[in-house]
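Listed here are the chains, written in short residue letters.
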There are 2 protein chains.
Amino acid sequence: MTQPPADLSSLIARNRPRYRTATEFVEAALREAILSGVLPGGLPLRQEELATAFGVSRMPVREALRQLEARALVEFHPHRGAVVVEISAEDSADIGAIRAALEPAALRLSLPHLTATDLDLAEELIAEMDAEADPGRMGELNRRFHMTLYARAGQPRLLALTEQHLAAADRYLRFQFAALGYHPRSQDEHGALLAACRRGDADAACALVVQHVALASEQLTAFLKDRPATPSA
Amino acid sequence: MTQPPADLSSLIARNRPRYRTATEFVEAALREAILSGVLPGGLPLRQEELATAFGVSRMPVREALRQLEARALVEFHPHRGAVVVEISAEDSADIGAIRAALEPAALRLSLPHLTATDLDLAEELIAEMDAEADPGRMGELNRRFHMTLYARAGQPRLLALTEQHLAAADRYLRFQFAALGYHPRSQDEHGALLAACRRGDADAACALVVQHVALASEQLTAFLKDRPATPSA
DNA sequence: AACCGATATATTGGATCCAATATCCACGCA
DNA sequence: TGCGTGGATATTGGATCCAATATATCGGTT
């Protein structure tokens, strides 16, 4: 949430008591670990190992892994175990297409109900992004910026899906960020998007979101096609 | 897949050997049972009961339930068990918004690659729907019709999400179908959509899908608002 | 008679145990 | 020397067992 996640064990010890069941806790920690790149794509996840790391038995780990499977964050190979799903140019494009479909829909529903506080918060997040250098925190800020604009849509399913894929895109974003550094164009687009929201111009805002997502996805896909064999994030 | 699902036990005995692990099998059977309305919304799912019904121990049941939780088909209440998620007007509108976002995106990607065989199959499915009276099979045919048009999109994530929400909408569709009978307008829309696909007119086809989904969702939401306290499907 | 509390019961959450399957390595054979 | 076969090992899948929590029941008290 706040600290750079360093390694897995740092994700574990803290905020254990925030969860009512061990399964919940393990699932949340593993999810964050995968999305934040601590557990890179392709990594085999040994149940016993994770269990001792979390200080629980294999059972909550198994249940957590099943949930992550349903969310397409890990893959099960029967009798061979779970593996963190790989990132790829194809998958990046896939997620990009989903985002480009969902985000304008969420924004259009949310925009009329955005408050001044929401818009100010979004502005603040843009400023924070300007100052941020750490890829992990950058991803989180980006996600929060987008979700702030969508949050008033109501529609819990739509929002959950949107956030899920925004988070999935983070894996790729961080990857690119680490290699290319931050692209300032993205910040310009954030600013333009926010301005359109302030004007209450839904059509313009939606068009900007689509363009923003499409550009990032396109650039990322091209980047990944160059270096296809790099197993990370 | 083919037979009317009658009750839970009929879903169980058959095609058990098709799955490599008991968890997979239980998950698939429960998912179909929920989506097909055999297990209605609000129903508490007792692990022991399901285990004996499936002829397995509680463990695969637990793992399957966790997966279904991640897919938003059941809800867990700590130490009180899992419940099939209720249907509601709000949820129907939520799913409708998601479909209206995803399906045109899938169609636009798929349309250029549709073959004559695909289109003929879609046509056949429309004809089958005309002849079908059973709500359960109707839902399946409708789903297959739509997915046939989207299938060439590639993009496995997008397709999986689309199919998931198409299936979720089935729960509602069957509900309405049982109460109001089939709405012939929907078939007209299917025909128009297919015609646009045959012409290769992507813009028209996408507009038709959006309209098709929006109309159905709207009508359904209104219908559900009238009778909010009916726990079924 | 109604309400509050304690106890009993049912059910889930978690741990441990056993079985089944896959991988790895050594050995034999062509 | 290379390949295929067979057994040892590691790891998952499934069953059973125990603990923790929630609900229901019953009794007591005001």
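In the block above lies the structure referred to throughout.
Residues numbered from 1 in each chain as written. Chains lettered and ligands numbered in written order. Predicted model: local features only at pLDDT ≥ 70, side-chain atom pairs only at ≥ 80, totals over all residues. Heavy atoms only, no water.

**Q** Got a minute to help me understand the overall build of chain A in this structure?
**A** The number of helices and strands found in chain A is 10 helices and 3 strands. N-terminal to C-terminal, the α/β element order of chain A is α-α-β-α-α-β-β-α-α-α-α-α-α. Residue burial in chain A is summarised as follows: out of 233 residues, 48% are buried. Considering only residue pairs separated by 6 or more positions, chain A has 73% of its internal contacts joining residues 24 or more positions apart. Total accessible area computed for chain A in this model is approximately 10400 Å², and 55% of it derives from carbon and sulfur atoms. (Helix = DSSP H or I, 4+ residues; strand = E, 2+ residues; numbered from the N terminus. Buried < 20%, exposed > 50% of the residue type's maximum accessible area, 1.4 Å probe, protein only. Contact = heavy atoms within 4.5 Å. Areas by Shrake-Rupley, 256 points an atom, 1.4 Å probe, with all protein chains shown as cover.)

**Q** I'm lost on the protein's contact with DNA strand C in this one. Help?
**A** The environment of DNA strand C is made up of 20 residues, and the closest members are Ala22(A), Ser57(A), Arg80(A), Arg46(B) and Arg62(B). Among the atoms of DNA strand C close to the protein, meaning within 4 Å, 65% are from sugar or phosphate groups. Ser57(A) is positioned with one of its side-chain polar atoms (N or O) 2.6 Å from a phosphate oxygen of DNA strand C. Counting residues per element, the ones that place at least two in the surface near DNA strand C are α2 (22–35) and α4 (58–70) of chain A together with α4 (58–70) of chain B. When the residues that make up the surface near DNA strand C are grouped by side-chain class, the tally is 7 nonpolar, 7 polar and 6 charged. (Near = heavy atom within 4 Å. Polar contact = N/O pair within 3.5 Å; in protein donor to acceptor, adjacent residues only side chain to side chain. Nonpolar A, V, L, I, M, F, W, Y, C, P; charged D, E, K, R; others polar.)

**Q** What should I look at first to understand the interface of chain B and chain A in this one?
**A** Often the size quoted for an interface is simply the accessible area lost on bringing the parts together. With 31 residues of chain B at the interface, the matching set in chain A holds 31 residues. In total, chain B and chain A occlude about 2800 Å² of area from one another, counting both sides; carbon and sulfur atoms represent 58% of this. Per-residue buried area on chain B facing chain A is highest for Arg66(B), Asp94(B) and Arg157(B); these three make up 25% of the total on that side. Here chain B is connected to chain A by 6 salt bridges. We note a salt bridge from Arg66(A) to Glu63(B), for which the minimum N-O separation is 3.2 Å. In this structure, the connection of chain B to chain A is made through 12 residue pairs in polar contact (both at pLDDT 80 or more). Mapped by element, the contributors of at least two residues to the side of chain B that touches chain A are α2 (22–35), α4, α5 (89–110) and α8 (156–180) of chain B. A per-element tally of the side of chain B that touches chain A places α5(B) first, with 11 residues. Counted by class, the side of chain B that touches chain A contains 15 nonpolar, 5 polar and 11 charged residues. (Buried area = accessible area lost by both parts, 1.4 Å probe. Salt bridge = Lys/Arg side-chain N within 4 Å of Asp/Glu carboxyl O.)

**Q** Any chance you could explain the nonpolar core here in plain terms?
**A** By size, the foremost hydrophobic cluster in this structure holds 64 residues, and its most contacted members are Leu107(A), Leu149(A), Leu107(B) and Leu149(B). Setting aside its immediate chain neighbours within four residues, Leu107(B) contacts Leu149(B), Tyr150(B), Leu193(B), Cys197(B), Ala205(B), Cys206(B) and Val209(B). (Core = buried A, V, L, I, M, F, W, Y, C linked by side-chain atoms within 4.5 Å.)

**Q** What am I meant to see in the side chain of Thr148(B) here?
**A** Residues and elements named next belong to chain B. Secondary-structure assignment places Thr 148 in helix α7 (residues 135–150). With relative accessibility at 11%, the residue Thr 148 sits in the buried group. Side-chain polar atoms of Thr 148 contact the backbone oxygen of Arg 144, separated by 2.6 Å. Non-local contacts of Thr 148, meaning those with residues more than four positions away in its chain, are made with Leu 114, Asp 118, Leu 121, Ala 122 and Leu 125.

**Q** For this particular structure, what's the right way to read the sheet that holds strand β1 (residues 44–45) of chain B?
**A** Working definition: the strands of a sheet are paired by backbone hydrogen bonds and lie parallel or antiparallel to each other. All names here are of chain B. Spatially, 3 strands are ordered β1-β3-β2 in an open sheet, and the strand pairing comes out antiparallel. Every other strand in the sheet has two partners, leaving β1 and β2 (74–77) as the edge strands with one partner each. Across 4 bridges, β2 lies against strand β3 (residues 81–84) in antiparallel orientation. Opposite Phe 76, over in β3, you have Ala 82 as the bridge partner. (Pairing = 2+ DSSP bridges.)

**Q** When you look at helix α5 (residues 89–110) of chain A in this model, what are you seeing that I'm missing?
**A** Residue pairs three or four apart in sequence face the same way in an α-helix, which turns once every 3.6 residues. Its 22 residues place the ends of α5(A) 31 Å apart at the C-alpha level, agreeing with the 32 Å of an ideal helix rising 1.5 Å per residue. Within α5(A), 16 of the 22 residues are buried, which leaves the element mostly enclosed by the surrounding structure. (Expected span 1.5 Å × (residues − 1).)

**Q** What is the right way to look at the protein's contact with DNA strand D in this model?
**A** In the vicinity of DNA strand D, 20 residues are found, and the nearest of them are Arg46(A), Arg62(A), Ala22(B), Ser57(B) and Arg80(B). Between Arg58(A) and DNA strand D, the recorded distance is 3.1 Å, taken from a side-chain N or O atom to a base nitrogen. One of the side-chain N or O atoms of Arg80(B) is found 3.1 Å from a phosphate oxygen in DNA strand D. Going through the elements one at a time, α4 of chain A together with α2 and α4 of chain B are the ones with two or more residues in the surface near DNA strand D. Its residues assigned to classes, the surface near DNA strand D comprises 7 nonpolar, 7 polar and 6 charged.

**Q** Could you clarify how one ought to interpret the relation of the copies chain B and chain A in this entry?
**A** Copy one and copy two of the chain differ by a rotation about a common axis and a shift along it. Rotating chain B by 180° and translating it 0.0 Å along the rotation axis places it on chain A, where the RMSD comes to 0.0 Å. Interpreted geometrically, this transformation is the action of a two-fold axis. Most of the interface of chain B is mirrored in chain A: 100% of its interface residues are interface residues there too. (Least-squares fit on C-alpha atoms with pLDDT ≥ 70 in both.)

**Q** Please explain the pairing of β3(B) as it appears in this structure.
**A** A regular strand places its side chains so that they alternate between the two faces of the sheet. When β1(B) meets β3(B), the two strands line up antiparallel, connected through 2 bridges. If you follow Pro44(B) over to β3(B), its bridge partner there is Val83(B).

**Q** Looking at this model, I keep getting lost on the environment of Asp91(B). Mind explaining?
**A** Relative to the helices and strands, Asp91(B) is located in helix α5. In this structure the C-alpha to C-alpha distance between Asp91(B) and Tyr172(B), which are 81 residues apart in sequence, comes to 9.7 Å. Ignoring any residue separated from it by four or fewer positions in sequence, one finds Asp91(B) in contact with Arg157(A), Glu86(B) and Tyr172(B).

**Q** Can you walk me through unusual backbone geometry in this structure?
**A** One non-glycine residue, Gln155(A), lies in the positive phi region at around 45°. Within the element layout of this structure, Gln155(A) appears in the loop between α7 (135–150) and α8 (156–180).

**Q** Even after reading the chapter, I still don't get the packing of aromatic side chains, so can you show me in this structure?
**A** With the rule as written, the count across this model stands at 4 aromatic pairs over all chains. Measuring from centroid to centroid gives 5.9 Å for Tyr19(B) and Phe25(B), while their planes differ by 45°, and the two rings are tilted. Residue classification places Tyr19(B) among the partly exposed positions, given a relative accessible area of 24%. Overall, Phe25(B) belongs to the buried group, its relative accessible area being 2%. Where Phe25(B) meets Phe54(B), the ring centres are 5.7 Å apart and the plane angle is 90°; that geometry is what we call edge-to-face. Of this pair, Phe25(B) sits in helix α2 while Phe54(B) sits in helix α3 (residues 47–54), placing them 29 residues apart in sequence. When sorted by exposure, Phe25(B) lands in the same class as Phe54(B), which is buried. Taken together, the ring pairs in this structure connect Tyr19(A), Phe25(A) and Phe54(A) into an aromatic cluster. Geometry around Phe76(A) places Arg66(A) over its ring, the cationic atom sitting 4.0 Å from the centre. (Phe/Tyr/Trp six-rings, centres within 6.5 Å; stacked < 30°, edge-to-face > 60°. Lys NZ or Arg CZ within 6 Å of the ring centre and 35° of its normal.)

By themselves, these are just geometric observations and shouldn't be taken as functional.
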